[in-house]
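Here's the letter readout for the chains.
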Amino acid sequence: SKPITSLLILLHWAMVSYHRHRALIALFSLTNRSSAFSATSTSAVRINNLARHYLFIRGGATTSSTTSSIHNSNTNEEEELRTGWLHNTEPKYASPTSSSSAPLSLAMKRLMADKMQKYRNHRIITPPAAHPCGDANRIMVTEHKISIPLTHPDLKAAMMNNEQLSSTASEEQRRIAPVERIDGAFLTNNEAFDEPTIDVYFTITELLSNAQDEAHFHALQNPNLSPSQRAALYFQKEGSNDEDSSVDPSRMMLYLQGGPGFGCASPVSGLSLASSSSSWAAAVLLGGKVSNSDGKSFQRIVLMDQRGTGRSSAICKQQLVKMFPDLFLLDKKKEGEGEIVGEEFGGDSDARMMLLQARQQKALKEATDYLSLFRADSIVRDAEWIRESLANPFPSVNDDGNDDAAVNGPQPWGGALGQSFGGFCLMTYLSSIQNPPELVYFTGGIAPMNTPVREVYDRLWLRVRERSWKYYEQYPGDVATVKKIVRKLLAHENSADPIILPSGGILTARRFLQVGLALGGSPGTSFANMHSVINSAFVDEDSDEISNAFLKRIDYEQSFDDAPLYFLLHESIYADGEGATQWAANQSYESHVEANSEFDYRVTSEEDNSNPTLFFGEMVFPFMAHGDFSELSNSGMRTLSEALAEKSDWLPLFDETNMRTALVHKKKSRAAAACYYDDMYVDFECAMKLVQRGCPLEGVKVYVTNEYQHSGLRDDGANIINKLAAMSKNRLHVPS
């Protein structure tokens, strides 16, 4: 009927309107008082029910009178529970009522210091392992987990400030305020402990140098210890006194891996320590050429799985479904699963769909906000939290009311190494933290700050073309093979008979070409591996039947299903403040195709086309959520990726003034960088702009080489770290 149609239109407007709360109140009034409806009519109940669901979805922000009205008209209806991870999370610790501005008593300070230790919840999750290494040495590897605030207090304040700034705010207003104490708020404000936590996993690798170290190792292996007891014992070596119950950050090297979205390499299995020349880590611990600012050897290497990766509260589709179930309400269901919600609306499919869409939109906002907390600005604060927890493991307050960190003063990391995206994180470290690592080493990791994201990808496509040509020069026979593979896959796409991968994704031509992500590695390893994948495509040389072995290899080589953060957040690593990324790589690709058919694989894959078919590189595309990758596809992940691509209110990641303060003016950090001239992933020219005199990274000494590709640290890490260490201490005239 017309009244029902009108009310449904009003309800839809209410759901999308900025003033949805007022509109819904008007809607209740209309349905309860209009002569077109009786209080018990089916239509009135359905519309009231829809609106009631929406108000609860919105967070229960209704006035008491409105809530009462809803309950009175639906006395047999059960109140809906809050949905989503953010709504169902309660504070981990109840906070006594106190004013953060009021001075704290000594007793309260000591209570909060004790509370801080419990909030950190430091654990060594398994007994340590010992491994033989070069020159008859032994190393111990301990696996740690620590609870970290989901949103660090200063970032929360920055986000609130960002919301208040207008689009015309000055650059000065948007500057990053560097943090002096990452845990400072927790020692002055009880409400800080209400912040939900995530777990961050890290390993510490250290030499067993003497009998005391060996005894400590065996004590930690006691299987009867709980993870928390083992962590406490880690700081209490036999024979040490209370003043020694910590580790010295100045003799620790922090490693930040590339990505974003992938866990860190594991010691021994993923990072060789067989001899002093077997890896960068071995050179740091065993080589004797890498030392801290005081000339002392590094005792420990800290390998951190960045938040959301590896074993650090890892983000995967399974977890997102648990945390934000309403985001996935519109995903296609398997046969026989039936409807999830909406049965109370009977056959009213329009009403049901409106409810589902409203619930999904609310969950989408929550999930977008949540994933926005997994960028470099949070990662470097996590590293500071770990450092502080190692430097001051048992927080205490002296009789003067000063805690350990205040008494000891700044205790920065002795050194930090950032590979690729890890180097981007180091630039955020220099921008955000008042006392950054004393020695900072970049390997293929100078971010193209001050370069628009679209230009970043315009330049990247040209480098990918160059690397594709380089690959075909080494493997000329693969020109025809790649064309054959692409034609075969296009034929299946056009016939509505797609080739399904073991993972459930669809092997399209465009997905296949993403194997080009590996082009940025060395020709001796990465190219050879690509060649192996390509030449496993068909059952035999004379056949055009795609082999099962090839399908398995594709799934193995392209792990985006297992590490969705790379897909969801990759372009955001270039979002330095205001502005959406808007699938910049895809936009750039379409522009290149329009200008030059050499980039169009549909054209170049034809047998009579003389151009080789170009691969794709380090890019993410919207099509990845349209069936190509099973775990990234369907409504929930697709809408989430689109929301992140359209997000425009990112916080700044880099601050030129703060970087220059750390590197040039106050010289808190000494830095050196390996910049690879032919680097496919990180633009060489954009990097060089930043290290010139008067520029943000003026104080960084640069080693420029075309001997290595982006994988240089993996291929020859010991030589590279030794060179950078010598450069940072003026022991090597590079640059000359």
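Look a little higher up for the structure.
Before going into details, it helps to say that this report is about the structure given with it. For clarity, every value in this text was computed on a predicted model and none was experimentally measured.

1. So, the side chain of Ser-588
Item 1. Within the element layout of this structure, Ser-588 appears in helix 22 (residues 584–595).
Item 2. Given the relative accessible area of 0%, Ser-588 is considered buried.
Item 3. Among the polar contacts made by the side chain of Ser-588, one reaches the side chain of Asp-458 at a distance of 2.5 Å.
Item 4. What Ser-588 contacts, discounting residues up to four positions off in sequence, is Arg-454, Tyr-457, Asp-458 and Trp-461.

2. Looking at the packing of helix 15 (residues 421–432) against helix 25 (residues 656–665)
Item 1. Closest axis-to-axis distance for the helix 15/helix 25 pair is 7 Å, and the angle between their directions is 90°. Classed by the angle they form, the pair helix 15 and helix 25 counts as roughly perpendicular. Contact residues: helix 15 offers Met-427, Leu-430 and Ser-431, while helix 25 offers Asn-658, Met-659, Ala-662 and Leu-663.
Item 2. Per-class residue counts for the contact of helix 15 with helix 25 are 5 nonpolar, 2 polar and no charged.

3. Topic: the packing of helix 16 (residues 453–474) against helix 22
Item 1. Relative to each other, helix 16 and helix 22 sit at 55°, their axes nearing to 8 Å. The pairing of helix 16 with helix 22 is recorded here as oblique in orientation. Every pair of crossing elements has a handedness; the one defined by helix 16 and helix 22 is right-handed. Of the residues in helix 22, those touching helix 16 at Val-453, Arg-454, Tyr-457, Asp-458, Trp-461 and Leu-462 are Ala-584, Ala-585, Gln-587, Ser-588, Tyr-589, Ser-591 and His-592.

4. Remarks on the packing of aromatic side chains
Centre-to-centre distance and the angle between the planes together describe a pair of aromatic rings.
Item 1. Enumeration according to the criterion identifies 32 aromatic pairs in this entry.
Item 2. Here the aromatic rings of Tyr-119 and Phe-186 are separated by 5.1 Å at their centres, their planes lie at 40°, and the arrangement is tilted. Within this pair, whereas Tyr-119 is found in helix 6 (residues 106–120), its partner Phe-186 is found in the loop between helix 7 (153–164) and strand 4 (197–207), the two being separated by 67 residues in sequence. In this pair, the class of Tyr-119 matches that of Phe-186, namely buried.
Item 3. Consider the rings of Tyr-472 and Phe-615, whose centres lie 5.6 Å apart with planes at 20°: the pair is stacked. Residue Tyr-472 is found in helix 16, and its partner Phe-615 is found in the loop between helix 23 (601–604) and helix 24 (634–646); the two are separated by 143 residues along the sequence. Both residues of the pair, Tyr-472 and Phe-615, count as buried.
Item 4. Here the aromatic residues Trp-461, Tyr-589, Tyr-601, Phe-616, Phe-621 and Phe-623 are joined through ring pairs into a cluster of three or more.
Item 5. The aromatic ring of Phe-629 is capped on one face by Arg-511, whose charged end is 3.7 Å from the ring centroid.

5. A short note on unusual backbone geometry
Item 1. Here the bond from Gly-259 into Pro-260 is cis, since omega is 5°, no more than 30 degrees from zero.
Item 2. Val-734 connects to Pro-735 through a cis peptide bond whose omega is 0°.
Item 3. Among the structural elements, Pro-735 can be located in the segment after helix 27 (712–728).
Item 4. Its identity is not glycine, yet Val-268 carries a phi of approximately 75°, on the positive side.
Item 5. Relative to the elements of secondary structure, Val-268 occurs in the loop between strand 5 (252–256) and helix 10 (280–287).
Item 6. In the Ramachandran plot, Ser-313 falls in the positive-phi region, its phi being about 40° despite a non-glycine side chain.
Item 7. Topologically, Ser-313 is positioned in the loop between strand 6 (300–304) and helix 11 (317–323).
Item 8. Residue class for Ser-313 comes out partly exposed when judged on its relative accessible area of 26%.

6. Brief notes about helix 24
Item 1. The end-to-end C-alpha distance of helix 24, which contains 13 residues, comes to 18 Å, matching closely the 18 Å that a straight helix rising 1.5 Å per residue would cover.
Item 2. Among all positions of helix 24, only Ser-635, Gly-636, Met-637, Thr-639, Leu-640, Ser-641, Ala-643, Leu-644 and Ala-645 are buried.
Item 3. Structurally, helix 24 contributes buried residues whose contacts are with helix 11, helix 12 (349–371) and helix 21 (564–569).

7. Here's the deal with the layout of surface pockets
Item 1. In this structure, the largest pocket encloses a volume near 1400 Å³.
Item 2. For the lining of the largest pocket, the secondary structure elements donating two or more residues are helix 19 (523–534), helix 20 (548–557) and helix 27.
Item 3. Tallying contributions element by element places helix 19 first for the lining of the largest pocket, with 6 residues.
Item 4. Class assignment for the residues of the lining of the largest pocket results in 18 nonpolar, 21 polar and 3 charged.
Item 5. Of the volumes computed, that of the second largest pocket is approximately 830 Å³.
Item 6. Taken together, 26 residues form the lining of the second largest pocket, with Met-159, Lys-365, Asp-369, Tyr-370 and Leu-373 sitting closest to its centre.
Item 7. Contributing elements (two or more residues each) for the lining of the second largest pocket: helix 7, helix 12 and helix 13 (376–391).

8. Things to note about the pattern of salt bridges
Side chains that differ in sign of charge can pair as their charged atoms come close.
Item 1. Evaluated as defined, the whole model comprises 32 salt bridges.
Item 2. Between Asp-403 and Arg-181 there is a salt bridge; the shortest N-O distance is 3.0 Å. Of the two residues, Asp-403 sits in the loop between helix 13 and helix 14 (404–408) while Arg-181 sits in the loop between helix 7 and strand 4, which places them 222 residues apart along the sequence.
Item 3. For Asp-403, a relative accessible area of 15% translates into the label buried.
Item 4. Under the relative-accessibility criterion, Arg-181 is labelled partly exposed at 25%.
Item 5. Among the salt bridges present, the one from Lys-488 reaches Asp-544, with a minimum N-O distance of 3.9 Å. Of this pair, Lys-488 sits in helix 17 (residues 478–494) while Asp-544 sits in the loop between helix 19 and helix 20, and the two are 56 residues apart along the sequence.
Item 6. Residue classification places Asp-544 among the partly exposed positions, given a relative accessible area of 46%.
Item 7. When salt bridges with common partners are traced through the structure, they connect Glu-455, Arg-459, Arg-463, Asp-683 and Glu-685 into a single cluster.

About the criteria used
- Residues numbered from 1 in each chain as written.
- Predicted model: local features only at pLDDT ≥ 70, side-chain atom pairs only at ≥ 80, totals over all residues.
- Heavy atoms only, no water.
- Helix = DSSP H or I, 4+ residues; strand = E, 2+ residues; numbered from the N terminus.
- Buried < 20%, exposed > 50% of the residue type's maximum accessible area, 1.4 Å probe, protein only.
- Polar contact = N/O pair within 3.5 Å; in protein donor to acceptor, adjacent residues only side chain to side chain.
- Contact = heavy atoms within 4.5 Å.
- Axes fitted to C-alpha atoms, helices over the stretch in contact; angles between N-to-C directions.
- Parallel < 35°, antiparallel > 145°, perpendicular 65-115°, else oblique.
- Nonpolar A, V, L, I, M, F, W, Y, C, P; charged D, E, K, R; others polar.
- Left-handed = near helix turned anticlockwise from the far one by under 90°.
- Phe/Tyr/Trp six-rings, centres within 6.5 Å; stacked < 30°, edge-to-face > 60°.
- Lys NZ or Arg CZ within 6 Å of the ring centre and 35° of its normal.
- Expected span 1.5 Å × (residues − 1).
- 1 Å grid on protein atoms, 1.4 Å probe; cavity = no way out; pocket = protein on both sides within 12 Å on 5 of 7 lines; lining within 4 Å.
- Points joined across faces, edges and corners; volume = space filled by probe spheres on them.
- Salt bridge = Lys/Arg side-chain N within 4 Å of Asp/Glu carboxyl O.

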